[in-house]
Amino acid sequence: MTASPVPKTPVSPPPKAVKRHHWIVRLTHWLTFVLLLGMIASGLQIYTAYARFGEQGGPYYRPNPFQEHGFPRWSKLGGWLAGALNWHFTLMWPFIAAGAVYLSYLVVTGEWRSLLFRPRDIRGAIEMQKYYLRIRKDHPPQGKHNPLQKFAYTFIILLGVLSVVTGFAIYKPTQFSWLTALFGGFQAARYWHFWAVWIFTGFLIVHVILVFVVDPASLRAMITGWYRGRFPSHD
Amino acid sequence: MALGVAGGLSSIVAACGWDGGNAVRPLLLDVSRLNDWVGEKILFSRNRLAPQYDVALRTPRLPSYFISPMMPVLQDPKAWRLQVAGLVRQPLTLSIEDLQAMPRTMYTVKHHCVEGWSAIATWHGVPVSAIADRCGMLPQARYVRFDSFDSGYSNGWDMASAMHPQTILAYAMNDNLLAPSHGAPLRLYSPTKLGYKMTKYLVSVTFTAERPGGYWEDQGYPWFAGV
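What counts, and at which threshold
- Residues numbered from 1 in each chain as written.
- Chains lettered and ligands numbered in written order.
- Predicted model: local features only at pLDDT ≥ 70, side-chain atom pairs only at ≥ 80, totals over all residues.
- Helix = DSSP H or I, 4+ residues; strand = E, 2+ residues; numbered from the N terminus.
- Buried ≥ 20, exposed ≤ 12 C-beta atoms within 10 Å, placed from the backbone.
- Contact = placed C-beta atoms within 7 Å.
- Nonpolar A, V, L, I, M, F, W, Y, C, P; charged D, E, K, R; others polar.
- Domains from an automatic or database assignment.
- Arc of directions from axis to C-beta.
- Core = buried A, V, L, I, M, F, W, Y, C linked by C-beta atoms within 7 Å.
- Pairing = 2+ DSSP bridges.

1. A short note on the overall build of chain B
Okay, step 1: The helix and strand inventory of chain B stands at five helices and ten strands.
Okay, step 2: In terms of overall dimensions, chain B has a C-alpha envelope of 70 × 40 × 35 Å along the principal axes.
Okay, step 3: Expressed as a percentage of its 227 residues, the buried residues of chain B come to 40%.
Okay, step 4: Excluding contacts between residues fewer than 6 apart, the proportion of contacts in chain B whose partners are at least 24 apart in sequence is 72%.

2. Here we look at the environment of A:Lys130
Residue and element names in this part refer to chain A.
Okay, step 1: Relative to the helices and strands, Lys130 is located in helix 3 (residues 121–132).
Okay, step 2: The class for Lys130 is partly exposed, based on 13 C-beta atoms found within 10 Å.
Okay, step 3: Residues within four places of Lys130 in sequence aside, it is in contact with Ile135 and Arg136.

3. So, the interface of chain B and chain A
Okay, step 1: Facing the 42 residues of chain B at the interface are 31 residues of chain A.
Okay, step 2: Of all the elements in the fold, those that place two or more residues in the side of chain B that touches chain A are helix 1 (2–16), helix 2 (21–43), strand 3 (105–112) and strand 4 (118–127) of chain B.
Okay, step 3: A total of six residues in the side of chain B that touches chain A trace back to one element, the largest contributor, which is helix 2 of chain B.
Okay, step 4: Residues of the side of chain B that touches chain A, tallied by class, amount to 23 nonpolar, 14 polar and five charged.

4. Some points on helix 2 of chain B
Residues separated by three or four positions in an α-helix point in the same direction, a consequence of the helix having 3.6 residues per turn.
Okay, step 1: For helix 2 of chain B, the set of buried residues is B:Leu28, B:Ser32, B:Asn35 and B:Gly39.
Okay, step 2: Lining the buried residues of helix 2 of chain B we find helix 2 (81–109) of chain A.

5. Some details on the domain arrangement of chain A
All names here are of chain A.
Okay, step 1: When cut into domains, chain A gives domain 1 (20–49 + 74–114) and domain 2 (119–229).
Okay, step 2: Each of domain 1 and domain 2 has a C-alpha centre, and these two points are 14 Å apart.
Okay, step 3: Each partner contributes to the interface: domain 1 provides eleven residues, whereas domain 2 provides 13 residues.
Okay, step 4: If you list the elements that add at least two residues to the side of domain 1 that touches domain 2, you get helix 1 (23–48) and helix 2.
Okay, step 5: When grouped by side-chain class, the residues that make up the side of domain 1 that touches domain 2 number four nonpolar, five polar and two charged.

6. Things to note about helix 4 (residues 128–135) of chain B
Okay, step 1: All buried positions along helix 4 of chain B are accounted for by B:Val128, B:Ile131, B:Ala132 and B:Cys135. Projected down its long axis, helix 4 of chain B carries its buried residues within an arc of 100°, all on one side.

7. Structural notes on the environment of A:Arg120
Okay, step 1: When you line up the elements, A:Arg120 lands in the loop between helix 2 and helix 3.
Okay, step 2: A:Arg120 sits 27 residues away from A:Pro147 along the chain, and the two C-alpha atoms are 9.5 Å apart.

8. Structural notes on unusual backbone geometry
Residues and elements named next belong to chain A.
Okay, step 1: In the segment running from Gly58 into Pro59, the intervening peptide bond is cis, with an omega of 0°.
Okay, step 2: Relative to the assigned elements, Pro59 resides in the loop between helix 1 and helix 2.
Okay, step 3: Cis rather than trans, the peptide bond between Arg62 and Pro63 has omega equal to 5°.
Okay, step 4: Turning to its location among the elements, Pro63 is positioned in the loop between helix 1 and helix 2.
Okay, step 5: Unusually for a residue other than glycine, Arg134 sits at a positive phi of about 65°.

9. As for the nonpolar core
Okay, step 1: Within the largest apolar cluster, 33 residues are counted, with the highest numbers of intra-cluster contacts made by B:Ile131, B:Leu169, B:Ala170 and B:Leu186.
Okay, step 2: For this core, the secondary-structure elements that each account for two or more residues are strand 1 (82–86), strand 4, helix 4, strand 5 (143–148), strand 7 (168–173), strand 9 (187–189) and strand 10 (202–208) of chain B.
Okay, step 3: In terms of residue count, strand 7 of chain B provides more of this core than any other element does, five residues in total.
Okay, step 4: Sequence-distant contacts of B:Leu186, defined by excluding residues within four places in its chain, comprise B:Leu82, B:Leu99, B:Leu169, B:Ala170, B:Tyr171, B:Leu178 and B:Leu202.
Okay, step 5: Listed in part, the 24 residues of the second largest apolar core include A:Leu81, A:Ala82, A:Ala98 and A:Tyr102.

10. Looking at the pairing of strand 5 of chain B
In the case of a regular strand, side chains alternate between the two sheet surfaces.
Residues and elements named next belong to chain B.
Okay, step 1: Two elements, strand 5 and strand 6 (residues 154–158), share five bridges in a ladder whose sense is antiparallel. Residue pairing across strands places Arg145 opposite Gly156, the latter belonging to strand 6.
Okay, step 2: Counted along the chain from strand 5 to the antiparallel partner strand 6, the turn is five residues long, and its residue Ser151 has a positive phi close to 50°.
Okay, step 3: Here strand 5 pairs with strand 10 via six bridges, running antiparallel. Residue pairing in the sheet places Asp147 in a bridge with Ser204 of strand 10.

Dropping the structure here:
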């Protein structure tokens with residue numbers, strides 16, 4: 001009689017591939033990434049011409065770690081003010097268009113429901129945060145996006161809109177004087193616009209880190225559209 | 001991978017020349033012309049006035065820009081005249097006193113420099129529209145060219161912006177006659193465009209059918225430059 005083989009530790013089968021991102025989402029995601037880099041780089045070149053926020057002579061808006069400082073050459077696009085303006089006012093068109101296409105997609109398909117952070121998500125956000133702080137051991141069930149992600153992605157869309165709106169407040173302070181006044185005037189609107197840059201940059205860094213650390217499968221999903229990872233949707 | 005994409009693009013852009021180089025710059029300039037059109041035809045309004053401010057909010061010091069190696073100063077200010085010519089029924093030669101006797105506009109507005117700074121000042125002068133009336137501007141005129149004695153600095157304006165009620169030939173700033181540091185004896189002023197469009201150290205105003213270039217515009221800065 002042969003001894004029965006020692007049962008091996010069961011290996012879970014690889015997760016089933018799930019269609020996650022429509023091609024419109026993927027296209028606008030990557031386009032926005034590239035265009036945003038261009039907008040920021042040309043913006044930094046524009047900033048160089050008047051490296052402070054506030055009327056001539058002050059008082060200046062703070063904090064501004066870049067008061068009187070320029071940015072390194074590799075971070076700037078345009079070569080000089082005229083070149084930077086031309087890049088900025090060219091890239092803004094596809095940047096706004098991509099954003100509009102994405103927002104339209106969310107509304108038309110109803111996908112906004114899996115993305116928009118709403119008051120009912122506060123409880124879930126707290127639970128997710130407990131999980132990340134290791135207060136809670138098990139991962140709360142989630143939909144396509146967990147509540148913290150919903151918060152981040154809702155916020156970043158609003159930030160995108162804010163960066164465009166403050167941009168127009170700076171671009172046309174006489175024709176849109178009511179808009180510029182809404183932000184506290186030309187220099188204040190300029191300061192708001194810059195804060196959007198810092199927050200975008202911070203988001204970009206955290207977003208990329210989290211993708212690689214938490215769920216690398218989501219990167220592939222954002223390229224091919226198919227998700228084969230650890231966090232299937234319970235939507 | 002994202003870093004790779006960004007790095008790759010940065011290298012491409014760097015290789016093109018940061019201002020776009022010969023391959024991309026023409027496209028950027030074409031879009032600039034499109035933005036000019038949007039600014040002129042869609043966003044600009046002949047009736048919309050720029051907000052005005054209390055004189056207490058005036059900026060204490062305004063920078064002084066000129067392209068000559070030294071500040072342009074007239075050797076013989078009394079001999080200075082403004083030439084009004086081009087597509088007009090009656091070319092004019094006007095002294096400062098002639099201009100001061102014409103209809104006068106005064107306002108305290110915010111100045112916007114393309115560099116990103118802004119400043120509040122009061123300007124006194126004669127509307128360009130009054131000049132156009134006085135010389136009998138012809139209907140074929142579509143543009144106005146402003147020339148200076150600051151190393152030939154000049155530029156051109158679209159007619160609608162030139163005829164805006166707040167577009168003036170200014171001979172006084174704040175509480176004084178215009179100083180050499182700000183374009184004496186006469187400069188163009190309007191809160192509807194960026195500072196570089198407002199030629200200082202004026203010598204002539206010419207009405208044309210062809211679109212004039214400009215010192216900064218020819219180098220790539222926006223031509224319409226409306227705010």
